[in-house]
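# Breakdown of the fold
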Amino acid sequence: MLKGAADMKFSIEHFGKTSEDEDVMEYTIENRNGTKLTLISYGAAIRGIEMPNGTDVVLGYDRIEDYENQDKYMGATVGRCANRIGGGCFSLNGKEYVLAKNNGPNHLHGGIVGFDKKVWKSSIEGQRVVFRLTSPDGDEGYPGNLDVEISYGLTNNNAVVIDCTAVCDKDTVVNITNHTYFNLAGGGTIEDHYLTINSDEFTEIDETGCSSGKLSHVKGTPFDFTKRKLIGKDIDADCVQIKNASGYDHNYVFKDRHDAEILKAAEAGCGEIAMDVWTDQPGMHFYSGNFLDGEVRGKNGAVYGRRSGFALETQDWPDAVNHEDFPSVVLKKGEVYKRKTVFKFKKMLK
Ligand code: BGC
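What counts, and where the lines are drawn
Residues numbered from 1 in each chain as written. Predicted model: local features only at pLDDT ≥ 70, side-chain atom pairs only at ≥ 80, totals over all residues. Heavy atoms only, no water. Helix = DSSP H or I, 4+ residues; strand = E, 2+ residues; numbered from the N terminus. Rg over C-alpha atoms; globule rule 2.2 N^0.38 Å. Buried < 20%, exposed > 50% of the residue type's maximum accessible area, 1.4 Å probe, protein only. Contact = heavy atoms within 4.5 Å. Areas by Shrake-Rupley, 256 points an atom, 1.4 Å probe, with all protein chains shown as cover. Lys, Arg positive; Asp, Glu negative; His and termini not counted. Charge placed at Lys NZ, Arg CZ, Asp CG, Glu CD. Near = heavy atom within 4 Å. Polar contact = N/O pair within 3.5 Å; in protein donor to acceptor, adjacent residues only side chain to side chain. Nonpolar A, V, L, I, M, F, W, Y, C, P; charged D, E, K, R; others polar. Pairing = 2+ DSSP bridges. Axes fitted to C-alpha atoms, helices over the stretch in contact; angles between N-to-C directions. Core = buried A, V, L, I, M, F, W, Y, C linked by side-chain atoms within 4.5 Å. Salt bridge = Lys/Arg side-chain N within 4 Å of Asp/Glu carboxyl O.

## Some words on the overall build of the protein
Tallying secondary structure elements over the protein gives two helices and 26 strands in all. The C-alpha radius of gyration of the protein comes to 19 Å, within 12% of the 20 Å expected for a compact globule of 350 residues. Counting only C-alpha atoms and orienting by the principal axes, one finds that the protein spans roughly 50 × 45 × 40 Å. Among the 350 residues that make up the protein, the fraction classed as buried is 58%. The contacts in the protein between residues at least 6 apart in sequence include a share of 66% that link residues at least 24 apart. Accessible area for the protein stands at about 14200 Å²; split by element, carbon and sulfur atoms hold 49% of it. Positive and negative charge centroids in the protein, built from 41 and 53 side chains respectively, lie 4 Å apart.

Written out as structure tokens, the structure reads:
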């Protein structure tokens, strides 16, 4: 049961056919205020979040071909293991698993045909849109048949609620996130957005963008968002961690939050609109859209240039499978992986 989700209006349309002739469906949920959440079954992705004033605060594409031919993970559900796995390999129960190296020397976001590139089964169930996927044993090199369910709901106080569960018939690794790019002004650079992140430590990256294994305190660094700060203020600072990613592309840690009640992770705002992020995940990767390159045409002909969207990817710590002191991403056979993230929209306080 989703609290505060009575009277939603649901609609379904055919979004298109993939190059493999699979039907992709589009769902829209509209609440009492006229806020609309639009989802597609390709990648179980968020394609639009339209505020009552008509501002669409997320990036996306109008054509299925553009979703198929991009590597930006636009709005998508990312898995089986989000973020980087160093060297594209890990060992589990004494066995070495070799994955695709699709990001320099590393494996990124579940591989070449990750969850973002699959057509999920979809349905409306109660007040939610539910997407289901079975990732077969050996899919992109990962062990075990993994059944994943993502459900999206919208409430009348403008919260987009994402629940995820997964279960596997062998021990495996799982780290699932949503990769929506937000632009709360509906366009332009995200450097003039304010951001607060309720964390004072992040996992450092090496020059390939992968976890070095070290945690770093934000105090006195460009990474300090403990108090509201413009994203653009220190984004080009002369600092190795910033240079390694051409901006922010780092995981903030919530040390005591694993399996806890959901807590507020971040708040962002620009113009009239602000958004709170709540999660029970132990980390949140803040990516400032440094590699958006303006090549693909966005919704209504928009060109998504560098830093035209930012992602707050609630997730486990990157490359945790290769760092024993990071919270474990191993999902044991038969155990249930269960995570929740809420993006709640409200008026920006000046
Ligand atoms: C990664 C970026 C990557 C982007 C899109 C982010 O989550 O951390 O480095 O460019 O996804 O691929």
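## Quick word on the environment of Leu215
Mapped onto the elements, Leu215 comes out in strand S18 (residues 211-217). Taking the C-alpha atoms as reference, Leu215 lies 5.6 Å from Phe202; in sequence the two are 13 residues apart. When neighbours within four sequence positions are excluded, Leu215 is seen to be in contact with Glu201, Phe202, Thr203, Val253, Lys255 and Trp317.

## A closer look at the site of the ligand
In the neighbourhood of the ligand, the contacting residues comprise Asp71, Lys72, Tyr73, Arg84, His109, His179, Tyr181, Asp249, His285, Tyr287, Phe291 and Glu313. Arg84 is positioned with one of its side-chain polar atoms (N or O) 2.5 Å from an oxygen atom of the ligand. At 2.5 Å from an oxygen atom of the ligand is found a side-chain nitrogen or oxygen belonging to Asp249. Partitioning the shell around the ligand into residue classes produces four nonpolar, three polar and five charged.

## A few points about the sheet that holds strand S3 (residues 36-40)
What links the strands of a sheet is backbone hydrogen bonding, and the strands pair in either a parallel or an antiparallel sense. Sheet architecture is open: four strands sit in the order S1-S2-S3-S4, paired in antiparallel fashion. Edge positions in the open sheet fall to strand S1 (9-17) and strand S4 (45-50), since each of these has one partner strand only. Taken over all neighbouring pairs, the strand axes of this sheet differ in orientation by 20 degrees on average, direction set aside. Pairing geometry for S1 and strand S2 (residues 23-30), over eight bridges, is antiparallel. Paired with Phe10 across the strands is Ile29, a residue of S2.

## Considering the nonpolar core
The biggest cluster of nonpolar side chains holds 64 residues, and the ones touching the most others in it are Ile49, Phe286 and Phe345. For this core, the element with the highest residue contribution is strand S13 (residues 159-168), accounting for seven residues. Ile64, Ala76, Tyr287 and Tyr304 belong to the second-largest nonpolar core, a separate cluster that totals 16 residues.

## A closer look at the pattern of salt bridges
Throughout the structure, instances matching the rule amount to 30 salt bridges. Across the pair Glu149 and Arg132 runs a salt bridge whose closest N-O atoms are separated by 3.0 Å. You can see Glu149 sitting in strand S12 (residues 146-154) and its partner Arg132 sitting in strand S11 (residues 128-135), a full 17 residues away along the chain. A relative accessible area of 27% places Glu149 in the partly exposed class.

## Focus: the sheet that holds S12
On the basis of which strands lie adjacent, the open sheet formed by nine strands has the order S10-S11-S12-S13-S26-S22-S21-S16-S19 and antiparallel pairing. Both outer strands of the open sheet, strand S10 (121-125) and strand S19 (229-230), are each paired with one neighbouring strand and no more. Direction of pairing for strand S21 (residues 263-270) relative to strand S22 (residues 273-279): antiparallel, over a ladder of seven bridges. Each residue of the ladder has a partner; that of Cys270, found in S22, is Ile273.

## Observations regarding the pairing of S18
Pairing of strand S17 (residues 201-205) with S18, which is carried by four bridges, proceeds in the antiparallel orientation. Bridged to Thr203 within S18 is Leu215. Here S17 folds back onto S18, and the loop between the two strands holds five residues, one of which, Gly209, carries a positive phi near 90 degrees.

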